[in-house]
Amino acid sequence: MCHSKISGLGYYVPENVVTNDDLSKIMDTNDEWIQERTGIKERRHVIRGEDTTTSMGVKAAEIAIQRANVAKEDIDFVIFATLSPDYYFPGPGVLVQRDLGLRTVGALDVRNQCSGFVYAISIADQYIKTGMYKNILVIGSEVHSTGLDMTDRGRGVSVIFGDGAGAAVLSREEDVTKGILSTHLHSEGQHAEELALVAPGMGKRWVTDIIADNDPNDESYYPYMNGQFVFKNAVVRFSEVINEGLQANNLEVSDINMLVPHQANLRISQFIQQKFKLSDDQVYNNIMNYGNTTAASIPIALTEAWEKGKIKSGDLVVLAAFGSGFTWGSVIIRW
């Protein structure tokens, strides 16, 4: 039995910075209101024609591959997590395979929104542990800005999200005291509609329905979020799945060197930090600079933390996410 390890990390965000003051010019909001509720100061938005979900994923992946010190020919499989693919189909995994010039390896798309990267890491870990693959490219990338309701009607949701991409290369690790120790995944579909985008979708409302109705007040193709309900569930599930991971490995909260939570809301991260009595040096947050980039948020934050020297060899690193679905999960890593 072997383990998998993160051998390379990279991220990419668009150059276009959108501050809270910028948003206040197009909708009824302000910097104080946004920061008080979310902790966000600014986010990045793509410029149409310059960046896509796939192109940002490719840029992040190129950095991760270089840092992993592997050749593109060594990548055995691609897993791409996103809720905002370039096309309804095919998914961005195959586009990455094409644009990176990889061999005709398999490509898998993961649609688990905010917990997408955690799910993708778990899948890659299992493939490597079984011996099927040696080096797997895992990407989380999102373009939210072009699909948000940037009016007063959508201000409660649209101020939260940003665009960006992060990537990791997972490689075989023979030392089973290192690498990914365990992953833990959950879902609770009964609350799926509390955080959702229902159209276009084959089940209820497809493009033909939207066009036929031509209803300017139709909100079905914009994200909906029951903010308070999501918040209350998130703080409970974050705590549960972090504890689950620690208990599975006979570890204590005091063993955590770095917790990288999904950047959904700074208030959620602060609540978890206080509950677990972790210091500022034990939790990495960057939502204030990028907003919520859903599947990209953990790999972006993880890469930044590593680049700043906050994660060192031998450290216990915990990744945790909660999001639409409802889905949540954790990853326990000995760096």
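Residues numbered from 1 in each chain as written. Predicted model: local features only at pLDDT ≥ 70, side-chain atom pairs only at ≥ 80, totals over all residues. Heavy atoms only, no water.

Visitor: So what exactly am I meant to see when it comes to the UniProt feature "domain: Beta-ketoacyl-[acyl-carrier-protein] synthase III C-terminal" (unreviewed entry) in the chain here?
Guide: Mapped onto this numbering, the UniProt entry gives "domain: Beta-ketoacyl-[acyl-carrier-protein] synthase III C-terminal" (unreviewed entry) at residues 246–335. Each end of residues 246–335 is marked by a C-alpha atom, and these two atoms are 15 Å apart; helix forms 32% of the span and strand 22%. (UniProt positions renumbered as here; feature names shortened; annotations may be inferred. Helix = DSSP H or I, 4+ residues; strand = E, 2+ residues; numbered from the N terminus.)

Visitor: It is not clear to me how the nonpolar core should be interpreted in this structure. Could you clarify?
Guide: Side chains that are nonpolar tend, in soluble globular proteins, to be buried together. Formed by 35 residues in total, the largest nonpolar core has its most connected members in L170 and L302. Here L170 is in contact with S4, K5, I6, I121, A124, D125, I128, K134, N135, I136, V138 and I180, once residues within four sequence places are set aside. Of all hydrophobic cores here, the second largest spans 25 residues; its members include L251, I268, L316 and I332. (Core = buried A, V, L, I, M, F, W, Y, C linked by side-chain atoms within 4.5 Å. Buried < 20%, exposed > 50% of the residue type's maximum accessible area, 1.4 Å probe, protein only. Contact = heavy atoms within 4.5 Å.)

Visitor: Would you explain the sheet that holds strand β6 (residues 135–142) in this entry?
Guide: In any sheet, the strands associate via hydrogen bonds between backbone groups, in a parallel or an antiparallel arrangement. Read across the sheet, five strands follow the order β1-β7-β6-β4-β5 without closing on themselves; strand pairing throughout is mixed. In this open sheet, the two edge strands, each paired with only one partner strand, are β1 (3–12) and β5 (106–110). Recorded for the sheet is a direction-independent mean angle of 20° between the axes of neighbouring strands. Bridging between strand β4 (residues 77–81) and β6 involves five bridges; their strand directions are parallel. (Pairing = 2+ DSSP bridges. Axes fitted to C-alpha atoms, helices over the stretch in contact; angles between N-to-C directions.)

Visitor: I would appreciate a short explanation of helix α4 (residues 92–99) in the present structure.
Guide: Every α-helix winds through 3.6 residues per turn, so residues three or four apart in the chain are directed the same way. Those residues of α4 lying buried are P92, G93, L95, V96 and Q97. One or two steps after α4, the chain reaches G101, where phi turns positive at roughly 70°.

Visitor: Is there a simple way to think about a nonpolar patch on the surface in this case?
Guide: A grouping of Y88, F89 and M202 is seen on the molecular surface, where their side chains present a nonpolar patch of about 430 Å² in accessible area. Inspection of the secondary structure assignment puts F89 in the loop between β4 and α4. (Patch = residues over 30% accessible without salt bridge, like charges linked within 9 Å, V, L, I, M, F, W, Y side chains within 5 Å. Areas by Shrake-Rupley, 256 points an atom, 1.4 Å probe, with all protein chains shown as cover. Salt bridge = Lys/Arg side-chain N within 4 Å of Asp/Glu carboxyl O.)

Visitor: Before we go on, may I ask you to explain the pattern of salt bridges in this structure?
Guide: Should their charged atoms come close, side chains of opposite charge can pair. Under the counting rule described, the total for this entry stands at 15 salt bridges. For E174, the salt bridge is made with R172, and the minimal N-O distance between the two is 2.6 Å. Salt bridges sharing partners connect three or more residues here, namely E188, R237 and E240.

Visitor: What is the right way to read the pairing of β5 from this model?
Guide: Direction of pairing for β4 relative to β5: parallel, over a ladder of five bridges. Bridge assignment links I79 to a residue of β5, and that residue is L108. Note on the crossover from β4 through α4 to β5: the handedness is right-handed. (Right-handed = clockwise from strand over helix to strand, strands pointing away.)

Visitor: What is the right way to look at the sheet that holds strand β13 (residues 327–334) in this model?
Guide: Spatially, β8-β13-β12-β11 is the arrangement adopted by the four strands of the open sheet, whose pairing is mixed. The outermost strands of the open sheet, each flanked by one partner alone, are β8 (179–187) and β11 (258–261). Averaged over all adjacent pairs, the angle separating strand axes in this sheet is 10°, with direction ignored. Relative to β13, strand β12 (residues 316–323) runs antiparallel, the two being bridged by eight bridges. Within β13, the position partnered with L319 by the bridge is V331. Docked against the sheet, helix α8 (residues 227–248) engages β8, β11, β12 and β13, running at close to 145° with respect to β12. Contacting β11 and β12, helix α11 (residues 297–307) crosses the sheet at an angle of about 155° to β12.

Visitor: Hey, could you run me through unusual backbone geometry in this one?
Guide: The bulk of non-glycine residues show a negative phi, and the bulk of peptide bonds are trans. Residue P90 is bonded to the preceding F89 through a cis peptide linkage, with omega at -5°. For P90, the position within the fold is in the loop between β4 and α4. Residue F326 follows G325 across a cis peptide bond; omega there is -20°. On the secondary structure map, F326 appears in the loop between β12 and β13.

Visitor: Would you explain the side chain of T53 in this entry?
Guide: Here T53 lies in helix α3 (residues 53–68). Among the polar contacts made by the side chain of T53, one reaches the main-chain carbonyl oxygen of S84 at a distance of 2.5 Å. Setting aside anything within four residues of it in sequence, one finds T53 in contact with F80, T82, S84, D86, S141, E142 and V143. (Polar contact = N/O pair within 3.5 Å; in protein donor to acceptor, adjacent residues only side chain to side chain.)

Visitor: Sorry if this is basic, but what is going on with the UniProt feature "domain: Beta-ketoacyl-[acyl-carrier-protein] synthase III N-terminal" (unreviewed entry) in the chain here?
Guide: Per the UniProt record, "domain: Beta-ketoacyl-[acyl-carrier-protein] synthase III N-terminal" (unreviewed entry) is found at residues 108–189. Secondary structure content for residues 108–189 is 22% helix and 37% strand, while the C-alpha to C-alpha distance between its ends is 22 Å.

Visitor: I would appreciate a short explanation of the environment of A320 in the present structure.
Guide: As for its placement among the helices and strands, A320 is situated in strand β12. For A320, a relative accessible area of 0% puts it in the buried group. Considered as a pair, A320 and R237 are 83 residues apart in the sequence and their alpha carbons are 9.5 Å apart. With near-sequence residues (within four places) excluded, A320 lies in contact with F238, V241, I242, L259, V260, P261, H262, I298, G329 and S330.

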